[in-house]
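The chain contents come next:
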Amino acid sequence: MSKLRGLVIYTHNVERLKTFYEALGLELWQEQHGNGPVHYSCKLGEVLLELYPAYSDDQLGKIRLEFSVEELLEKMEDAVKLGGIIRRGPSMKDGSPKI
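Summarised in this report is the structure supplied together with it. (Residues numbered from 1 in each chain as written. Predicted model: local features only at pLDDT ≥ 70, side-chain atom pairs only at ≥ 80, totals over all residues. Heavy atoms only, no water.)

Our focus in this paragraph is the overall build of the protein. Along the protein, the regular secondary structure elements total two helices and seven strands. Reading the secondary structure of the protein in the N-to-C direction produces β-α-β-β-β-β-α-β-β. Judged by the C-alpha coordinates and their principal axes, the protein covers about 45 × 30 × 25 Å. The buried share of the protein, taken over its 99 residues, is 24%. Looking at the protein alone, contacts between residues at least 24 apart form 51% of all its contacts between residues at least 6 apart. If you sum the accessible surface of the protein, you get close to 7400 Å²; carbon and sulfur atoms cover 53% of it. Distance between charge centres in the protein, computed from 13 positive and 15 negative side chains, equals 2 Å. (Helix = DSSP H or I, 4+ residues; strand = E, 2+ residues; numbered from the N terminus. Buried < 20%, exposed > 50% of the residue type's maximum accessible area, 1.4 Å probe, protein only. Contact = heavy atoms within 4.5 Å. Areas by Shrake-Rupley, 256 points an atom, 1.4 Å probe, with all protein chains shown as cover. Lys, Arg positive; Asp, Glu negative; His and termini not counted. Charge placed at Lys NZ, Arg CZ, Asp CG, Glu CD.)

Fair warning: the whole summary comes from geometry, so function is off the table for now.
Here is the structure:
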């Protein structure tokens, strides 16, 4: 079974988007991982919503979906058979493959 675990939204104005989601009743907290960008996060059930700064127009308005997938390697093979392209292969994290 696959589950949505994360949704990342890229924007040129993180503070403005944060204010919008707070007006909807979400409680966001500030985070920064190592030398990465300051961003905001909140939990929506099991899904982590994150608001990240877009550093280029190519990133603006894009989203990133993060899934938890059982039997990941088999699912990747199935996707390739259907014409999918794997841009980055899996790595191991906590004893299981991650993309």
